[in-house]
Amino acid sequence: MNGGRGTRLFINEVATRDGFQMESRFVPTEDKIALVDKLGGLGYAKIEVTSFTSPKAIPALRDGEEVMHRIARRPGVVYTALVPNLRGGERALESRTDEFNIVMSASETHNLSNLRMTREQSFAQLAEVIALAKQAKVPVNVSLSCVFGCPMEGEVAPDAVLGWVERFAALGVAGITLCDTTGMAYPTQVQTLCAAAMARFPGLELTAHFHNTRAMGLVNTVAAIEAGIRRFDMSLGGIGGCPYAPGASGNVATEDVIHMLQCMGYETGMDLPGLLDAAGVLERLVEHPLPSQVSRAGPRLRRHAPPADFEQIVARANARRPDTKELRA
């Protein structure tokens, strides 16, 4: 692996949308706003605040307009939201959303399961949303699900993935997110597909979105970086998933990935102590333990006090080794 010195990465937070939509407990509106405001000061490039999907479909985010209206917007942070259709786009525009994030799947079976439409039907609907956004001069990002594999179809052909990217690029979207929706990606696959996308679409802002379902989320992140990807979705605490994808456990945890990247010398602009504090807030809000690791263990150089009787241990060790240099407590 190459060192990360001098390489700047850009981090997108998705817990407040992708994460909260999976929680059984409704997080109160005031708490959502306070968390977004806290995250806004931690160095993110983007925060996916909410979803403008029908409240009946995702009741956990039924307060999307109020949250988006009331957050304190930090300069330099893009406040984005999931926009599924024209009505959602109108709501997003009314709420002053900085960017539309639209979603479809590279897998026909997953798209039907998730969105109740064929991929062609989804593309036609999303083309209308893109047109609305372009008219309002709001950038659009496409999150393309299951690009590294589908839990129902198996392998997804890279040519098919790149074909959908090309069709969206032709409509003038600003970016594409390559999503590992159920954690099926592995490093060499990630490198190959990400490098191909970078080479073929140099004008697009490409983002990678990994899940840690099979404990490969962090190494896949490194593989994507080595392929040239510089933008990444992550979820505070590792919460979230996909309700229509069997086996889709949580996203990679923001604090885990940032800790790794900082150890490797990558410049993320992120405040790791602030992230750990925010993860503590999040855990209280969702009322269950978070799957992230660094939130529990702390950073690698976190110091712990030696045993209370350490001086006695040292004294006994010195007594047993009179011919060697004396140990010090």
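Use the structure listed above.
Everything quoted here is computed from the prediction, not taken from an experiment.

Reading the values: the criteria
Residues numbered from 1 in each chain as written. Predicted model: local features only at pLDDT ≥ 70, side-chain atom pairs only at ≥ 80, totals over all residues. Heavy atoms only, no water. Helix = DSSP H or I, 4+ residues; strand = E, 2+ residues; numbered from the N terminus. Rg over C-alpha atoms; globule rule 2.2 N^0.38 Å. Buried < 20%, exposed > 50% of the residue type's maximum accessible area, 1.4 Å probe, protein only. Areas by Shrake-Rupley, 256 points an atom, 1.4 Å probe, with all protein chains shown as cover. Core = buried A, V, L, I, M, F, W, Y, C linked by side-chain atoms within 4.5 Å. Contact = heavy atoms within 4.5 Å. 1 Å grid on protein atoms, 1.4 Å probe; cavity = no way out; pocket = protein on both sides within 12 Å on 5 of 7 lines; lining within 4 Å. Points joined across faces, edges and corners; volume = space filled by probe spheres on them. Nonpolar A, V, L, I, M, F, W, Y, C, P; charged D, E, K, R; others polar. Phe/Tyr/Trp six-rings, centres within 6.5 Å; stacked < 30°, edge-to-face > 60°. Lys NZ or Arg CZ within 6 Å of the ring centre and 35° of its normal. Axes fitted to C-alpha atoms, helices over the stretch in contact; angles between N-to-C directions. Parallel < 35°, antiparallel > 145°, perpendicular 65-115°, else oblique. Left-handed = near helix turned anticlockwise from the far one by under 90°.

Caption draft 1: Representation of the overall build of the chain. Counting its regular elements, the chain contains 13 helices and eight strands. On C-alpha atoms alone, the chain measures out to a radius of gyration of 22 Å, which is about the 20 Å that the 2.2 N^0.38 rule sets for 329 residues. For the chain, buried positions account for 51% of its 329 residues. As displayed, the chain offers around 14,700 Å² of accessible surface, 53% of which is attributable to carbon and sulfur atoms.

Caption draft 2: How the structure looks around the nonpolar core. Judged by nonpolar contacts, the single largest core of 85 residues is most densely connected at Ile102, Phe148, Phe168, Ile176, Leu178, Phe210 and Phe232. Take this core: its biggest share by element is seven residues, from helix H11 (residues 272-286). Excluding residues within four positions of it along the chain, Phe232 makes contact with Leu9, Phe10, Ile11, Asn12, Thr207, Ala208, Phe210, Thr221, Ala224 and Ile225.

Caption draft 3: Main features of the layout of surface pockets. Space inside the largest pocket adds up to approximately 720 Å³. As for the largest pocket, its lining consists of 37 residues, and the residues nearest its centre are Arg17, Gln21, Leu82, Asn114 and Leu115. Listing elements by their share of the lining of the largest pocket, those giving two or more residues are helix H1 (15-19), strand E4 (99-105), helix H5 (108-115), helix H6 (119-135) and strand E5 (140-145). Here the residues of the lining of the largest pocket sort into 17 nonpolar, 15 polar and five charged.

Caption draft 4: Expanded view of the side chain of Thr207. Structurally, Thr207 can be placed in strand E7 (residues 205-209). The residues contacting Thr207, other than those within four sequence positions of it, are Asn12, Ile176, Thr177, Leu178, Ile229, Arg231, Phe232 and Asp233.

Caption draft 5: Structural detail: the packing of aromatic side chains. A complete count under the given rule lists three aromatic pairs for this structure. Their ring planes at 65 degrees and their centres at 5.0 Å tell us that Phe123 and Phe168 sit as a pair that is edge-to-face. On the criterion of sequence distance, the pair formed by Phe123 in helix H6 and Phe168 in helix H7 (residues 158-170) is long-range, its members being 45 residues apart. Members of the aromatic cluster, joined through ring pairs, are Phe123, Trp164 and Phe168. Note that Arg62 overlies the ring of Phe26, its terminal NZ or CZ placed 3.9 Å from the centroid. Above the face of the Phe10 ring, Arg231 is positioned so that its terminal group lies 4.4 Å from the ring centre.

Caption draft 6: Representation of the packing of helix H2 (residues 29-40) against H11 in the model. Viewed as axis vectors pointing N to C, H2 and H11 meet at an angle of 165 degrees, and their least axial separation amounts to 10 Å. By the angle class used here, H2 and H11 are roughly antiparallel. Where H2 crosses over H11, the two elements pack in a sense that is left-handed. For the pair formed by H2 and H11, the contact residues are Asp31, Leu35, Lys38 and Leu39 on the first element and Asp277, Ala278, Val281, Leu282 and Leu285 on the second. Of the residues that constitute the contact of H2 with H11, the class distribution is six nonpolar, no polar and three charged.

Caption draft 7: Representation of the environment of Ala170 within the structure. Tracing the backbone shows Ala170 in helix H7. Judged by relative accessible area, Ala170 falls into the exposed class, the value being 70%. Remark: the alpha-carbon pair of Ala170 and Val83, spanning 87 residues in sequence, is separated by 19 Å.

Caption draft 8: Looking closely at empty space enclosed by the protein. Inspection of the entire model under this criterion finds one cavity of 30 Å³ or more. Of the pockets and cavities examined, the largest cavity occupies roughly 100 Å³. Along its surface, the largest cavity is lined by 14 residues, and Asn12, Lys46, Thr80, Asn101 and Asp233 are the ones closest to its centre. Of all elements in the fold, only strand E1 (10-13), strand E2 (46-51), E4 and E5 reach the threshold of two or more residues within the lining of the largest cavity. Considering every element that reaches the lining of the largest cavity, the biggest residue donor is E2, with three residues. Considering only residue class, the lining of the largest cavity consists of two nonpolar, seven polar and five charged.

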